[in-house]
Each structure stands twice: as C-alpha cells, then as structure tokens.
Amino acid sequence: MATISASIPSSFKPISTKSNPNLPQTCFRFQLSTTRQPTRLLCVAEETPATIDPTSEAARRLYVGNIPRTTTIDELQKVFEEHGAIEKAEVMYDKYSGRSRRFGFVTMKTVDDVNAAIEKLDGTEIGGRKIKVNVTEKPLNGASSTLLPSEETPFVDSPYKLYVGNLAKTVTSESLKSFFSEKGNVLGAKVSRVPGTSKSSGFGFVSFSSEEEVEAAISSFNDAVLEGQKIRVNKA
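If you're wondering where the values come from, they're calculated on a predicted model, not measured in any experiment.

Novice: Would you explain the pairing of strand β11 (residues 200-208) in this entry?
Specialist: If a strand is regular, its side chains alternate between the two faces of the sheet. For β11, the tally of buried residues reaches nine of nine residues, placing the bulk of the element in the interior. Sheet topology note: the strand β9 (residues 160-165)/β11 ladder contains six bridges and is antiparallel. Counterpart to Gly165 in the pairing with β11 is Phe203. As defined by bridge partners, strand β10 (residues 186-193) adjoins β11 across six bridges and the pair is classed as antiparallel. Counterpart to Lys190 in the pairing with β11 is Phe205.

Novice: Can you help me understand the sheet that holds strand β5 (residues 100-108) in this one?
Specialist: Sheets are built from strands that pair by backbone hydrogen bonding, the pairs being arranged parallel or antiparallel. Overall, antiparallel pairing links the four strands, which are arranged β4-β5-β3-β8 in an open sheet. At either margin of the open sheet sits one strand with a lone partner, and together these are β4 (86-93) and β8 (132-135). Neighbour-to-neighbour, the strand axes of the sheet open up by a mean angle of 20 degrees, direction not taken into account. Packing of helix α2 (residues 73-81) onto the sheet brings it into contact with β3 (61-65), β4, β5 and β8, and relative to β4 it is tilted by some 140 degrees. Set on the sheet, helix α3 (residues 111-121) makes contact with β3, β5 and β8; between it and β8 the angle comes to about 155 degrees.

Novice: Before we go on, may I ask you to explain the environment of Ala59 in this structure?
Specialist: Within the secondary structure, Ala59 is located in helix α1 (residues 57-60). Under the relative-accessibility criterion, Ala59 is labelled buried at 11%. Along the backbone, Ala59 and Val194 are 135 residues apart, and their C-alpha atoms lie at a distance of 9.0 Å.

Novice: What should I look at first to understand the sheet that holds β10 in this one?
Specialist: What the four strands build is an open sheet, ordered β10-β11-β9-β14; its pairing is antiparallel. Strands with a single pairing partner mark the edges of an open sheet, and in this sheet they are β10 and β14 (232-235). For this sheet, the mean angle separating the axes of adjacent strands, direction not counted, is 20 degrees. The sheet contact formed by β9 and β14 spans four bridges and is antiparallel. Its bridge partner lying in β14, Val164 is registered against Val233. Lying on the sheet, helix α5 (residues 211-221) is in contact with β9, β11 and β14; it crosses β14 at an angle near 155 degrees.

Novice: Looking at this structure, how should I read the packing of aromatic side chains?
Specialist: For the structure on display, the rule yields 13 aromatic pairs. Their ring planes at 15 degrees and their centres at 5.8 Å tell us that Tyr63 and Tyr163 sit as a pair that is stacked. In this pair, Tyr63 sits in strand β3 while Tyr163 sits in strand β9, placing the two residues 100 residues apart along the sequence. For Tyr63, a relative accessible area of 1% puts it in the buried group. One aromatic cluster is present, formed by Tyr63, Phe103, Phe105, Tyr163, Phe203 and Phe205 through successive ring pairs. Across the ring face of Phe105, the terminal group of Arg61 is positioned such that the distance to the ring centre comes to 3.9 Å. We note Lys161 situated over the ring of Phe205; from NZ or CZ to the ring centre the distance is 5.3 Å.

Novice: It is not clear to me how unusual backbone geometry should be interpreted in this structure. Could you clarify?
Specialist: Most peptide bonds are trans, and most residues other than glycine sit at a negative phi. One non-glycine residue, Arg102, lies in the positive phi region at around 65 degrees. The phi dihedral of Asp223 is positive, around 75 degrees, even though this residue is not glycine. Mapped onto the fold, Asp223 is located in the loop between α5 and β12 (225-226).

Procedures and definitions
- Residues numbered from 1 in each chain as written.
- Predicted model: local features only at pLDDT ≥ 70, side-chain atom pairs only at ≥ 80, totals over all residues.
- Heavy atoms only, no water.
- Buried < 20%, exposed > 50% of the residue type's maximum accessible area, 1.4 Å probe, protein only.
- Helix = DSSP H or I, 4+ residues; strand = E, 2+ residues; numbered from the N terminus.
- Pairing = 2+ DSSP bridges.
- Axes fitted to C-alpha atoms, helices over the stretch in contact; angles between N-to-C directions.
- Contact = heavy atoms within 4.5 Å.
- Phe/Tyr/Trp six-rings, centres within 6.5 Å; stacked < 30°, edge-to-face > 60°.
- Lys NZ or Arg CZ within 6 Å of the ring centre and 35° of its normal.

The following block contains the structure:
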C-alpha cells in the first residue's frame, strides 16, 4: 500500500486560497509514492484564538442571583463596593407587579474587580439568602461565532422565570428546555456561557407562561438530578 510521509518536504509550496475562500488557510499539493496516483490536496487548518476584550461591558458585568426581594440598588452596590470599583448596579423588577425578581446585575470597573467580587461574594448571604455571583451569559462583541454552541436559540423571556443552578457542564439550552417541559409550557431556556466561549457557567434560566407552572417546576425539580448533578431551582 502506498504511504504518505509524516513530514512535508520543503519543496511543497502553499497554494493560494484567494480563488477559493472556502479552503483552509494553508494547503499543499502532494503525491503518493506510487507515481501513477494523481496529486492530492493536503490542507492544514490554522487556529486563530479568539480574543476577549477585557474592557467590554460583557467581560465586566456580573449576574447576582437569589437576592432578597427587599434588596435595593443602593444596598446591592454597597455590598459589591467592598470588593472593587463599581460602574453601575441594577435590580430587576417585574414590569407587571413591580416586585423584585430577586436578581440583578453589577458592572465592575475592571476584570480584576470582577474576579475579586466572584471569589469573595459567590455563595455568601444577603438578608439570609445565599447569592449566586457569576459573569453574565452575553458573548463579547467580535468574538468568533464558531466558539458559541451551535444549538443555541434565542431565549424567550417572560415574567415567570426560574434560575437553575449547579448545572453539569454537559447541559445545553435544548436539554434544559426538554427537562423542564415535563411540568409546563416552557417558553425559553438558556444555559449561561463564559463570554466569548462555549464553556458553561454552571447555571441557566427557564421561562414559563404562568406563575402556576413556575411553582410546579420548583416543587418537582429543585434538588432533582439532571445529567448526573443535583440542580438548584428557584424563582429568578
């Protein structure tokens, strides 16, 4: 059987790919040791690592979940100011009832402030509730779309939403939606991703069409096992 040498002789010259932009960056012509065989095209893909802009808001914006309904923007800001410089703080409210949705966002000045806040505050308590602090799911502008999960679909938000924590790294938005669909009409589900990558942040959100479905999902799925891990489920 004809064999191909593992090394590429220096006489092999790259072929221009300008005429065919679908080809990888660098291609070589080579011929099997049997001279009757036609020449073959060997293409070598060149990896271009995605760059994450540490100054972008997505890299500096923290999700803060499971806060008490009574927590105000000022109180949230004071908690985080102890661990770094704050650009802004937000508490999310239900547009119909005006009640806090028990989560918010804090944008820090630098990525170092972000890391310090996560290290010091994730899993700590505010008003008797253990809070979740992590980077938001929004990808960075200009990040390579090939790094993001191909199965992801736009998230359909609603006032009736759950926070789902301690997700296994293998859980996708689609599998999360399928899991919760057993107990109601799931409008949308998403797994949070580390900005600019396909790496799971370990938590996600599920939206429903009614408050009754939310309560049923909490009752059925809090501490349930999803893909080998016991998940935490509470109102977002």
